[in-house]
Amino acid sequence: MDRETERASLDRLLETVRSARSQALIVRGDPGVGKTALLGYLTGRAREFQVLPVSGVQSQMELAYAALHLLVEPLLHRLDEMPAPQRTALRTALGLSAGPPPDRFLVGLALLTLLSESAGDRPLICVVDDEQWLDQASAQALGFVARRLAADPVGLVFGAREPSAHLAGLPVLEVAGLEPGHARDLLDASLSGPLDDQVRDRIVSEAQGNPLALLELPRSLTTADFAGGFGFPVTPSVSARLEEGFLRRMESLPAPAQRLLQLAAADPSGDPVLVHRAARRLGIPPQAAVPAAEAELLQFNERVHFRHPIVRTVAYRSASGPARREMHAALAEVTDAVADPDRRAWHRAQAVSGHDEAVAAELELSADRAQSRGGLAAAAAFREQSVRLTPDPARHAERALAAAAVTMASGAFGRARELLDTATAGPLPPFAAAQAGQLRARITFVAGVGEDALAVLIRSAETLTPLDPGLARLSYLEAIRAASFAGRMTGPGSMREIAFAARALPPAARPRPVDRLLDALATIFTESPAAAAPALRQVAREFATSPLTREDGLAFGWLASAVIWDDDAAYRINARQVAVSRATGALDQLPLDLVALALSEAWRGDFASAEAHMAETAAICEITGSQMPPSTTAFLAALRGDPATLAPHTETLFAVARIGQQSQATYAHWVNAVLAGGHGRHADAYAQAKLAVDDGHVFVSTWALPQLIESAVKVGEQDVAARAWEQLTATTRDGTEFGRAQEALGRALLGDGPAYGEAIDLFGRAGIRTEQARARLLLGERLRQDNRLDEARSELRTAREAFETMGMTAYADRARRELLATGERAARRRRDVAPAALTARESLIAWLAAEGLSNPEIGAQLFLSARTVEWHLGKVFGKLGVTSRTELAGKLPDRPQTAEG
């Protein structure tokens, strides 16, 4: 690609942004190839745009949001126009005000809003050079915005040698070297005299079309080289050639000028006053800047400006270790301890060759400040430096543990494990050693090695028992939850082993809900599910109705409801967890909460709400890069009777099971049984349900029992059905309406005909519409077999209508076939008008708008700009043929329910 083509690509980007459509682009190429020149071309062409420029500086990579602050400084006067939570998050991140650490995605949303609203006046372009050297927090925020803008007159253009992972997936403009003819023209234009043809060809060949190399290589040649090319050095790469040339030019300068270049390279601020003050402390005279400027290596203007980032790198590397420490010490002395304490601490750390407790403590304070702004990567870097400088072995181990924790939170799991190894190699006290065990378990889970993590969690809980029994109980609960996902019910590191260990704990002096939950879950294994059921019901009610917080263990509440068929408690608990996660910006936890809430909604037949929450989950996972097994999405596909949609989801579930989460295989067998049952393939349903139940999972296998009972009866396996019903009643007798309804339906299938009516009534009172319709279908089938055709038609019509209303197509077809078998002739498939043409995101936005949310409110929930929401709504209105929000509800099926709390 030549320069004209590259410039045309940038011109097209400007035209796109002018037409109020956002675009992001990475300009990628080797050092000196012309990326910065292309960005300069873009800036010159964007005269009617607001242009926000910023460049990454390698030595500033550890200062959280440093680049973002420089980028948005011209827009800060608009902060007061932003929604309060976003304004607070951005002000805290930029260090403009104090506050709790803001979630990084809330900071990203705030940046999205700020850029979108600022572009309402004039189109806006963010020009980010040397993106590979941005601090991680800034790169995360900009990568977030680049993916979320759509219908805003905002462009983001990044220049990078190799872009960071935060920009993965964005379009790339590769900047190649100049064509040989253009390279010769540029070389000739830069020369002040004639050049031997052989030398010219050699330079063009060595430069590989790199413009900077074409300009700089001739400056490093000797007279002999110019004459005939003899002794022309061979180097491995253009970058190495450039570095060598800049180093030669620097070494030709007077010693004071060389030291000034090295000093300026050591300072990331680019403040000429600060560099000159440090230079005076080192005895470098002011006139040292003159030779550096004449050599076109360094300029002191409003900012310190190097000829190219390679010059800064070469200058810094050229200084010896003692010289670097001396420079950083001088820079620390002239850096304001009040206005810029973190940069001062960083310079002080670089000035130390051995241990220094005072500097280590100062770095800890810097880490706290970075963490309070949400800069986890910066906090991790400060803490790791603090570890390096700590002389006392005990403090060294404790600081390494703290560094490991924040490093894991920043997403650097491999480095977190290394720091954890450092911590555990030192003299950690017992409580800290137990904390280290918990942290190692969490890191292991991230790596997907579930069994090892379970063992570590158990050891951690055992260590904590004499030190902090309350924390030990929480550790055992965490281990039970982990064992549930791993599908380990018996054997080493299993739920059974954990249960017996938990029962051996001394009783809590003042039992909390989590204490009662742990005792009840342990009873399932130490005694029986039937013995645990009353306590589980009581604890589920407590979690559902008490004002518990996340610190009280709210996230464990679903464990109480999962085995006792208490969907009402599950819905309340999950809805509150969703509300709490949204309010606190806990995007690591929110997808888990939404998936659990969607499962309850699916049971209730509220597919629109479930799908809306799954679409929200997908949107969050898209921006966080996290992945969720498609369990609830698979359940929805099974209920709808959609094998084409279900098949890839179950393949994924089986794949996840193979890497440690065996519970997902049990789940896949269960949803396959639901699908087969809807289509009336009872032998397939029996095979899949039996596999799910035989897995023995304390939760999922229980949910599969109703499918096993029905399919076993249908295929003539009465004994299997009877045993499954006995297993079911262990947790349903005298329990919730949902549970008693399942017990009654199983009893009806086994021959107690009047129990059908009891089941239908109980399912209705519990609000479980999917199972109520299934019970009516089964009753209608039984009545038809008994030749009670009029009664059968009544039940089957009601079941069919319910299935069709919910969107359970396969079950509706099964009911219709039964109606045809009774002689019913009008049993045609109902075809509701549904917004089939809407995408999942459009459907979710449509419902939120129908519920009365404004565009900014919808954008805040889905991490989109208000203009992008407006653009999506325009497409929705066109597809549905409506002209206002008030008309939307009438065009959408089954209004979703919103989680409250």
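Everything quoted here is computed from the prediction, not taken from an experiment.

(A) Spotlight on the sheet that holds strand β5 (residues 172–174). If you trace the five strands from one edge of the open sheet to the other, you get β2-β3-β4-β1-β5, paired in parallel fashion. The open sheet terminates on both sides in strands that have one partner only, identified here as β2 (50–55) and β5. For this sheet the average axis-to-axis angle between neighbouring strands, irrespective of direction, equals 15°. Sheet topology note: the strand β3 (residues 124–129)/strand β4 (residues 154–160) ladder contains five bridges and is parallel. The residue bridging V127 from the neighbouring strand is V157, located in β4. Its contacts with the sheet put helix α2 (residues 35–45) on β1 (23–28), β2, β3 and β4, and the angle it makes with β3 is roughly 165°.

(B) Structural context of the pairing of β4. Burial within β4 is extensive, with seven of its seven residues counted as buried. Bridge count between β1 and β4: six bridges; the pairing is parallel. Within β4, the residue paired with V27 across the bridge is G159.

(C) Region of the structure containing the pairing of β3. With six of six residues buried, β3 is to be regarded as a mostly interior element. Residue alternation in β3 divides its side chains into two sets, L124, C126 and V128 and I125, V127 and D129, and both sets are buried. Bridge analysis of β2 against β3 gives six bridges, and the strand direction is parallel. When the bridges of β3 are listed, S55 appears paired with D129. Running through helix α6 (residues 136–148), the crossover from β3 to the neighbouring parallel element β4 is right-handed.

(D) The arrangement of the packing of helix α12 (residues 255–266) against helix α15 (residues 309–318) in detail. In the contact formed by α12 and α15, the axes pass within 8 Å of each other and the chain directions differ by 110°. Between α12 and α15, the angle is such that the two are roughly perpendicular. Contacts between α12 and α15 involve L261, Q262, A264, A265 and A266 from the first element and R312, A315, Y316 and S318 from the second. Classifying every residue of the contact of α12 with α15 gives six nonpolar, two polar and one charged.

Rules behind the numbers
- Residues numbered from 1 in each chain as written.
- Predicted model: local features only at pLDDT ≥ 70, side-chain atom pairs only at ≥ 80, totals over all residues.
- Heavy atoms only, no water.
- Pairing = 2+ DSSP bridges.
- Helix = DSSP H or I, 4+ residues; strand = E, 2+ residues; numbered from the N terminus.
- Axes fitted to C-alpha atoms, helices over the stretch in contact; angles between N-to-C directions.
- Contact = heavy atoms within 4.5 Å.
- Buried < 20%, exposed > 50% of the residue type's maximum accessible area, 1.4 Å probe, protein only.
- Right-handed = clockwise from strand over helix to strand, strands pointing away.
- Parallel < 35°, antiparallel > 145°, perpendicular 65-115°, else oblique.
- Nonpolar A, V, L, I, M, F, W, Y, C, P; charged D, E, K, R; others polar.

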